[in-house]
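Overview (structure and organization)
One letter stands for each residue in the lines below.
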Amino acid sequence: MQGLMMNYPLTLDRILEHANRIYPHKRISTKQIDGSMHRYTYADLYSRVKRLANVLRKLGVNPGDRVGTFAWNNYQHLELYYAIPGAGAVCHTLNIRLFPDQLTYVVNHAEDKVVFIDGTLLPLFERVADKIETVEHYVLFNVPPGVESKLPNTVMYEDLMADVDDDFEWAVTDENTAMGLCYTSGTTGNPKGVLYSHRSMYLHTIGECHPNALDLSSRDIVLPVVPQFHAMAWGLPYACALSGAELVMPGPHLKPAPLAQLIDEEKVTVPAGVPSIWNALYHELKANPRDISHVRALVVGGSAMPRSLIEAYEEQLGVNVLHAWGMTEMSPVGTVCQLQDHHQQLPNHQKWDVKAKQGYVVAGVEMRITNDAGEELPWDGATMGEVQVRGPWIARQYFRVDPTPDSFTADGWFRTGDVATLSEDGYMQITDRTKDLVKSGGEWISSVALENALMAHPGVMEAAVIAIPDDQWQERPLAVVVPAPDAGELTADELNAHLAPNFAKFWLPDEYVFVEEIPKTSVGKFDKKVLRYRHAQGELG
Ligand code: ADP
């Protein structure tokens, strides 16, 4: 027997309709190139999104077409996040930090028909323009005065907007219609596209707002530092409209000092970004204190937040850190580390231990850990296995790539490539990415655990651990360390003495290399591929 409830499609335009109806006066503020603030409301956003949907039609964008965006986090990019799916097309966010070859690859692979470009980023796109095959129009906004575009077929965003009205009927009735396309940064091989649907993003949005996840509401002011070109800015642009939270968009101002200023002056309650950004912000706030007491949750994900940094924020700055884990393939949020009742009585240092875990699954996502044979492993907080997930906002295939067993299991789970333990009460703790684990003499060494412990040493600013080949043990850990500015002389012996009480002897790195900077990926994570390459070239250690 079938239920008798409405078959009401879960499309993203419903979220914008809700925001316009219930929260029309809530603000969206963008820090512009010149440092001034652009402000408008959800009502303004609504009307401009409808205009923009008309612009897309005029440019010949039809349902199913892919439309690229190449931009910072700002209000125009937000308009694109709603107008492209609202017109039935697919919003393909392009990572502005991709190497030229990768950028060319993803635009051509997606067959983007139109690309919207932030004028401040024009030179980055112009260098690949002659290799782009399918783009018919480039639409520019925020073009700095005096800058001339070398791209063919360019039109100005505001000219187009001035030429249409804001009467537009949303185009999508089938919730399974594709709405967004995001390529993973492709640590091996070509980047792979993840194609979100209206339904998957709608359900992800609800899951993300849930009190046991980010707990977003109309009392929040959210600052997505995570770029809109990275995993849909973790879905925050949709989650804010659904929950009535105000948005503060940082534009290109991502250095610690302007971020600190923005959090302070805009009274941000939920800033969201990767650990390297929060590490830099912490040092900024220590050097130049600001009032950030209104921050109710510093959301961090993308790589493991070192426990020492969590403790520093919590104890020294009084900031509640909310650790989350996810992947582009998961829309992206999979787990959030909210404490539960049984943690409240714990002494602080044990609370920080829990907060350093990645947390438990957002309702809607199912998780298991398995061994190499694919057998499920126990949730005992000690057994490590590969994390596999399934749920309504998890990819079942990459765009234009047949599913392969290394990504998807025969029984319908996505293989994340992360290795973790799961505690009895459901808290996941990532040990490593499968490809970053150090396999020494048949045992696994967690590079993440060593990095976190090293970064807890006061003389260490950043630390990355990679596996290097070893004749006797197969692989051994090498630590690449950036000393803190006032660290004085750091030695391998001193750092190993610091690690020794907490690790088996065979875990301790055989070699340390001291550097000024650790290379980062396009989304701010330690780039271990580059470190491994440099080591192989004899440039490290
Ligand atoms: P990529 O890093 O390949 O560009 P994603 O941004 O989708 O792609 O990264 C997903 C990966 O990032 C996860 O599989 C995991 O390894 C890592 N990650 C994300 N959040 C966390 C976290 N809180 N702790 C540890 N690792 C994380």
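Residues numbered from 1 in each chain as written. Predicted model: local features only at pLDDT ≥ 70, side-chain atom pairs only at ≥ 80, totals over all residues. Heavy atoms only, no water.

Okay, the environment of Pro 211 next. With respect to the helices, strands and loops of the structure, Pro 211 is situated in the loop between helix H7 (198-209) and strand E10 (221-224). Classification of Pro 211 by relative accessible area gives partly exposed; the value is 47%. For the pair formed by Pro 211 and Leu 151, sequence separation is 60 residues and the distance between their alpha carbons is 46 Å. (Helix = DSSP H or I, 4+ residues; strand = E, 2+ residues; numbered from the N terminus. Buried < 20%, exposed > 50% of the residue type's maximum accessible area, 1.4 Å probe, protein only.)

As a further point, take the environment of Asp 406. Along the chain, Asp 406 falls in the loop between strand E18 (385-390) and strand E19 (414-422). By relative accessible area, Asp 406 is classed as exposed at 56%. Linking Asp 406 and Gly 417, residues 11 residues apart in sequence, is a C-alpha distance of 8.9 Å. Here Thr 404 takes part through its side chain, which lies 2.4 Å from a polar atom of the side chain of Asp 406. (Polar contact = N/O pair within 3.5 Å; in protein donor to acceptor, adjacent residues only side chain to side chain.)

With that out of the way, let us pick up the domain arrangement of the chain. How big an interface is tends to be stated in terms of the accessible area lost upon association of its parts. Taken domain by domain, the chain comprises domain 1 (1-26 + 38-197), domain 2 (253-435) and domain 3 (437-536). Relative to domain 3, the C-alpha centre of domain 2 lies at a distance of 21 Å. Both faces considered, domain 2 and domain 3 share a buried interface measuring about 1400 Å² in area, 54% of it formed by carbon and sulfur atoms. Among the residues of domain 2 in contact with domain 3, Pro 306, Ser 308 and Asp 432 are the three that bury the most area, contributing 26% of the side total. Linking domain 2 to domain 3 there are nine residue pairs in polar contact (both at pLDDT 80 or more). Taken together, the elements giving at least two residues each to the side of domain 2 that touches domain 3 come down to helix H10 (275-287) and strand E20 (428-433). (Domains from an automatic or database assignment. Buried area = accessible area lost by both parts, 1.4 Å probe.)

Okay, the pattern of salt bridges next. Taken as a whole and judged by the stated rule, the model has 22 salt bridges. Where Arg 39 meets Glu 266, a salt bridge forms, and the shortest distance between an N and an O atom there is 2.8 Å. Within this pair, whereas Arg 39 is found in strand E2 (residues 37-41), its partner Glu 266 is found in the loop between helix H9 (256-265) and strand E12 (270-273), the two being separated by 227 residues in sequence. Taking relative accessible area as the criterion, Glu 266 reaches 10% and is therefore assigned buried. Arg 307 is the salt-bridge partner of Glu 311, the closest N and O atoms lying 2.6 Å from each other. Of this pair, Glu 311 and Arg 307 both sit in helix H11 (residues 307-317), separated by four residues, roughly a single helical turn. Under the relative-accessibility criterion, Glu 311 is labelled partly exposed at 29%. Note on Arg 307: relative accessible area 23%, which makes it partly exposed. (Salt bridge = Lys/Arg side-chain N within 4 Å of Asp/Glu carboxyl O.)

So, about the state of the cysteines. One pass over the structure, following the stated rule, counts zero disulfides. Among the cysteines around Cys 91, which has no disulfide bond, Cys 182 carries the closest sulfur, lying 8.8 Å off. For Cys 240, which is in no disulfide, the shortest distance to another cysteine sulfur is to Cys 209 and amounts to 7.6 Å. With relative accessibility at 0%, the residue Cys 240 sits in the buried group. (Disulfide = S-S within 2.5 Å.)

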